[in-house]
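Close look at the chain arrangement
So you can see what is in the structure, the chains are spelled out below.
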Amino acid sequence: MTITRRSLLAGLTSGLLATRFPGLALAADEDGVFDLVAGPSKQRLFTQDAPASDLWTYNGAAPGPEIRVKKGERVRVRFTNRLEEPTSIHWHGIRIDNAMDGVSGLTQDPVEPGGSFVYDFVAPDAGSYWYHAHNRSWNQVARGLYGPLIVDETEPLFDRAHDLTLVLGNWLTVNGENRPATVLVRGETYRLRLINAANARVLAIDPNRFGAQVIGFDGQLFAEPVTLEYAPLMLGPAQRVDLIVTAETGFEIEELSGDTPYPMAAFAVSGENIRAGAFALHPEVNALPEPDLGSARRVRLDMTGGAMGGMGDIVYQGRRLKGSEMMTARQAWAFNGVANLAGEPLFAASAGETIVLETVNRTAWVHAMHVHGHHFRVLSRSGSTVDEGRPWRDTFLIGPDQTTEIAFVADNPGKWLLHCHMLEHAAAGMNTWFTVG
């Protein structure tokens, strides 16, 4: 039997297929502590009759369990490492204390096999975030060490039945499943939180194809829902987008970067429309400090290296690499001529200082640049006007030969990582850091 879009959605309505949305939720113990354990496990990523893959996971599942708290609540996670190598956890997009940021070698020592570490922080901002391994992350995240971290508004916009988290993985899975499907209630409005947890894959989607509006990027909501005036929306590694959609008819979320659309997840509707009148959304917008462009300090970041990118000189661990030494050291990319963490920070900001970061991509590849501990506004992108000045972000895409300017207030003290979230790019040189205060 060939499963077509029509038969799939019809089968859903009749109850023939089901799936898990939003997935497993992690409950705190009686002391309010979440227990998270990294270890090996097996999981089927294709179909239920396919062989299981050997993964590294949190609490036995990829993605790991959803950690869900309210804005302003204290988060305590007792992490235990049962892997064969050291690891740590980064809480992506959360503006937390630097000591809890989870970057091995910068903010903490990695947790050794058999060891444990308690992450303890307050979640200051509502939004869609995630957690993932941050030691040898090119390997550990790819194996399955990631999961969603959801911070609800003080008064949640949606109840749990209408608030769905979709974690998109390397092998194009959604919540660990291949082409999952679910049934929505006809006429009711849902929040869809899409999290791109892939190592390097940029996903192309078009919310307009299924009547959805965008209500926020990277955890930060807009004052009003937005209907995109362009397509497709490019969702880079580590980026998130929050959508709202009213379930009038069945639909699919499709990935559009290939020759034909690829359905990542299907939704059918059932029942009668029980909602009276139009749905009103009143987002609770996080209070982030606005950059003061009049007194900003400008910092320039030149990205070089990679195949077809004109390698040039690379300094690694204090010495200039020559010829085949770059291959031996496995360093192929550089920021301002330096591969991986330099001995000195890219810049040292005073607390509260506005930074305008001009990033110049001199490579032949797209990159997803992530700023730890802060959110920023995109000021300009050469050759594009998409997203300029409107949304807050913690990760931005930059294309080949493109220049992008971002601005943020450096108000979170400590040592903060700035890197490409194409994780193999980061491992091969695209890491730097800055200090605040």
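Going by the structure above, here's the rest.
The model shown is predicted, which means the values in this text are computed figures rather than measured ones.

**What to know about the overall build of the chain**
Tallying secondary structure elements over the chain gives four helices and 34 strands in all. Against the 2.2 N^0.38 benchmark of 22 Å for 437 residues, the chain shows a C-alpha radius of gyration of 22 Å, consistent with a compact globule. Taking the principal axes of the C-alpha coordinates as reference, the chain spans close to 65 × 50 × 50 Å. Burial status across the chain gives 56% buried among its 437 residues. Within the chain, residue pairs in contact and separated by at least 24 positions form 76% of the contacts whose partners lie at least 6 positions apart.

**What to know about the sheet that holds strand β5 (residues 89–92)**
On the basis of which strands lie adjacent, the open sheet formed by four strands has the order β3-β8-β7-β5 and mixed pairing. Looking at which strands have only one partner, the edges of the open sheet turn out to be β3 (67–70) and β5. Strand-to-strand, the axes of this sheet are offset by a mean angle of 20°, without reference to chain direction. Sheet analysis places strand β7 (residues 127–133) next to strand β8 (residues 146–152), joined by six bridges and oriented antiparallel. Each bridged residue has a counterpart across the sheet, and for Gly-127 the counterpart in β8 is Val-151.

**Some thoughts on the packing of aromatic side chains**
Under the criterion given, the structure shown has twelve aromatic pairs. For the ring pair Tyr-58 and Phe-79, a centre distance of 6.3 Å and an interplane angle of 70° mean the geometry is edge-to-face. With Tyr-58 in strand β2 (residues 53–58) and Phe-79 in strand β4 (residues 74–81), this pair connects stretches of sequence that are 21 residues apart. An identical accessibility class is assigned to Tyr-58 and Phe-79; each is buried. Both rings, one in Phe-376 and one in Phe-396, keep their centres 5.7 Å apart while their planes meet at 90°; by these two values the pair is edge-to-face.

**A few points about the sheet that holds β2**
With mixed pairing, four strands are arranged side by side in an open sheet as β2-β1-β4-β6. Two strands in the sheet have a free side with no partner beyond their single neighbour: β2 and β6 (116–122). Neighbouring strand axes in the sheet, compared pairwise and without regard to direction, differ in orientation by 20° on average. Here β4 pairs with β6 via seven bridges, running antiparallel.

Scoring rules and cut-offs
- Residues numbered from 1 in each chain as written.
- Predicted model: local features only at pLDDT ≥ 70, side-chain atom pairs only at ≥ 80, totals over all residues.
- Heavy atoms only, no water.
- Helix = DSSP H or I, 4+ residues; strand = E, 2+ residues; numbered from the N terminus.
- Rg over C-alpha atoms; globule rule 2.2 N^0.38 Å.
- Buried < 20%, exposed > 50% of the residue type's maximum accessible area, 1.4 Å probe, protein only.
- Contact = heavy atoms within 4.5 Å.
- Pairing = 2+ DSSP bridges.
- Axes fitted to C-alpha atoms, helices over the stretch in contact; angles between N-to-C directions.
- Phe/Tyr/Trp six-rings, centres within 6.5 Å; stacked < 30°, edge-to-face > 60°.

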